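Residues per chain, in single letters:
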Amino acid sequence: MQRGQGQLSETFYSTSCPKVESIVRQVVAQKIAQTFVTIPATLRLFFHDCFVEGCDASVIIASPNGNAEKDAPDNLSLAGDGFDTVIKAKAAVEQSCPRVVSCADILTIAARDVVALAGGPSFKVELGRRDGLISMASRVAGNLPEPNFNLAQLNAIFAKNNLNQTDMIALSGAHTLGFAHCTRFANRLYSFSASSPVDPNLNSTYAQQLMQACPQNVDPQIAINMDPVTPRTFDNSYFKNLVNKMGLFTSDEVLFTDKASQATVVDFANNPGNFNGAFIAAMRKLGRVGVKTGTAGEIRVDCTAFNS
């Protein structure tokens, strides 16, 4: 067990900042009204934060030298709207309860809120995290799953964070939202293998659509929806897509093609309630990874900078 996770509680701020969750929810809803990207950006920011140094808002720190966690290659594609959501929510919370609520907890609440506001399940979050004191680009590599990972590699990197295969598959379901850059899956369209340039585990109609959206040598800024069916709704269509060989990344489709994980994918595709339940359980477990509590860390005043 990571240190401190026993001290998290759903009622942590019930006396020190009783309205924190409604304050954050209001800011998140306003931000979503301005741009939908807020939803996938905030959810992904939470995941990337927790897998490096634990859920401690280390990913939000900005460094004048460009060597903070957010500057690592794997984090350069984190959309600014996720950061902006946390920074705006923190400013609103500071007005009511100065120097009480951590940026780590605000990100945790916001990640829960974007799921609910996208039509997904709502759930209670545990609070009481403190903000970390380390944020280094050099500490990111090897700690985040890559789009070409196989099942064993995915399970290993999640197990390092106390998450099992079911948790990993459920959290992968976050790919029902958001988008990916063509470069992250182009090999499945143009250079999969000598005998088959197109990945045989890719639905051929879908492959044709992807080639139209992502021609070879396309502008690297071009991005396409992870879930082509309901890209703006948090639902179980990601898993239905996997069954139809319409997973975008190798690391998505492998969940269906590998017999060791296939039954869970089929269950989530057929039973949205089972997926929602597993997703909630996995998000709560994810929120306990490497947390600092008690006197560890600090309560940042500005989420982008250490206090000292």
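Residues numbered from 1 in each chain as written. Predicted model: local features only at pLDDT ≥ 70, side-chain atom pairs only at ≥ 80, totals over all residues. Heavy atoms only, no water.

### What to know about the overall build of the protein chain
Item 1. A tally of regular secondary structure across the protein chain gives 12 helices and two strands.
Item 2. Reading the secondary structure of the protein chain in the N-to-C direction produces α-α-α-α-α-α-β-α-α-β-α-α-α-α.
Item 3. On C-alpha atoms alone, the protein chain measures out to a radius of gyration of 19 Å, which is about the 19 Å that the 2.2 N^0.38 rule sets for 308 residues.
Item 4. Its C-alpha atoms give the protein chain principal-axis dimensions of roughly 60 × 45 × 35 Å.
Item 5. Per-residue burial for the protein chain yields a buried fraction of 51% across its 308 residues.
Item 6. Once local pairs closer than 6 in sequence are excluded, the contacts in the protein chain between residues at least 24 apart make up 74%.
Item 7. Taken together, the 26 basic and 27 acidic charged side chains of the protein chain have centroids lying 3 Å from each other. (Helix = DSSP H or I, 4+ residues; strand = E, 2+ residues; numbered from the N terminus. Rg over C-alpha atoms; globule rule 2.2 N^0.38 Å. Buried < 20%, exposed > 50% of the residue type's maximum accessible area, 1.4 Å probe, protein only. Contact = heavy atoms within 4.5 Å. Lys, Arg positive; Asp, Glu negative; His and termini not counted. Charge placed at Lys NZ, Arg CZ, Asp CG, Glu CD.)

### Details of helix 5 (residues 151-159)
Item 1. Along helix 5, the residues classified as buried are Leu-151, Leu-154, Ile-157 and Phe-158. Projected down its long axis, helix 5 shows its buried positions confined to an angular sector of 140°, all on one face.
Item 2. Contacts from the buried residues of helix 5 go to helix 2 (38-51), helix 6 (165-172), helix 10 (250-257) and helix 11 (259-270). (Arc of directions from axis to C-beta.)

### Section: the layout of surface pockets
Item 1. Taken as a whole, the largest pocket encloses approximately 940 Å³ of empty space.
Item 2. Broken down by secondary-structure element, the contributors of at least two residues to the lining of the largest pocket are helix 2, helix 5, helix 6, strand 1 (179-181), helix 10 and helix 12 (272-286).
Item 3. The element contributing the most residues to the lining of the largest pocket is helix 2, with seven residues.
Item 4. Residues that form the lining of the largest pocket fall into these classes: 26 nonpolar, seven polar and five charged. (1 Å grid on protein atoms, 1.4 Å probe; cavity = no way out; pocket = protein on both sides within 12 Å on 5 of 7 lines; lining within 4 Å. Points joined across faces, edges and corners; volume = space filled by probe spheres on them. Nonpolar A, V, L, I, M, F, W, Y, C, P; charged D, E, K, R; others polar.)

### Some words on the state of the cysteines
Item 1. Inspection of every chain in the model, using the stated rule, returns four disulfides.
Item 2. With its sulfur 2.1 Å from that of its partner, Cys-50 forms a disulfide with Cys-55. One disulfide, between Cys-50 and Cys-55, carries an S-S torsion of 120° and so falls in the right-handed class.
Item 3. Under the relative-accessibility criterion, Cys-50 is labelled buried at 0%.
Item 4. The exposure class assigned to Cys-55 is buried, which follows from its relative accessible area of 1%.
Item 5. Between the sulfur of Cys-103 and that of Cys-303 lies a disulfide, 2.1 Å long from S to S. Linking Cys-103 and Cys-303, the disulfide has an S-S dihedral of approximately -95° and is accordingly described as left-handed. Of this pair, Cys-103 sits in helix 4 (residues 103-117) while Cys-303 sits in the segment after helix 12, placing them 200 residues apart in sequence. (Disulfide = S-S within 2.5 Å.)

### Some thoughts on the UniProt feature "domain: Plant heme peroxidase family profile" (unreviewed entry) in the protein chain
Item 1. Here, UniProt's "domain: Plant heme peroxidase family profile" (unreviewed entry) annotation points to residues 7-307.
Item 2. Regarding residues 7-307, the helix share stands at 45% and the strand share at 2%, and the terminal C-alpha atoms are separated by 23 Å. (UniProt positions renumbered as here; feature names shortened; annotations may be inferred.)

### A closer look at the side chain of Asp-131
Item 1. Positionally, Asp-131 belongs in the loop between helix 4 and helix 5.
Item 2. No salt bridge is formed by the buried Asp-131; its nearest oppositely charged neighbour, Arg-300, is found at 4.5 Å.
Item 3. From its side chain, Asp-131 meets the backbone nitrogen of Arg-300 in a polar contact 2.9 Å long. (Salt bridge = Lys/Arg side-chain N within 4 Å of Asp/Glu carboxyl O. Polar contact = N/O pair within 3.5 Å; in protein donor to acceptor, adjacent residues only side chain to side chain.)

### With respect to the packing of helix 1 (residues 20-34) against helix 3 (residues 80-96)
Item 1. It is at 9 Å that the axes of helix 1 and helix 3 come closest, and there the two elements cross at 140°. The pairing of helix 1 with helix 3 is recorded here as oblique in orientation. The two elements helix 1 and helix 3 meet at a crossing, and its hand is right-handed. Across the interface between the two elements, Val-20, Ile-23, Val-24, Val-27, Val-28 and Lys-31 from helix 1 touch Asp-81, Asp-84, Thr-85, Lys-88, Ala-89, Ala-92, Val-93 and Ser-96 from helix 3. (Axes fitted to C-alpha atoms, helices over the stretch in contact; angles between N-to-C directions. Parallel < 35°, antiparallel > 145°, perpendicular 65-115°, else oblique. Left-handed = near helix turned anticlockwise from the far one by under 90°.)

### Structural notes on the pattern of salt bridges
Item 1. Evaluation of the coordinates by the stated rule reveals 16 salt bridges.
Item 2. Here Arg-112 ties to Glu-21 by a salt bridge, and the two come within 2.6 Å at their closest N and O atoms. Linking Arg-112 in helix 4 with Glu-21 in helix 1, this pair joins segments that are 91 residues apart in sequence.
Item 3. Between Lys-90 and Glu-94 there is a salt bridge, with the nearest N and O atoms lying 2.8 Å from each other. With Lys-90 and Glu-94 both in helix 3 and four residues apart, this pair spans about one turn of that helix.
Item 4. Given the relative accessible area of 15%, Glu-94 is considered buried.
Item 5. Overlapping salt bridges, with partners in common, bring together Glu-10, Glu-126, Arg-284 and Arg-288 in one network.

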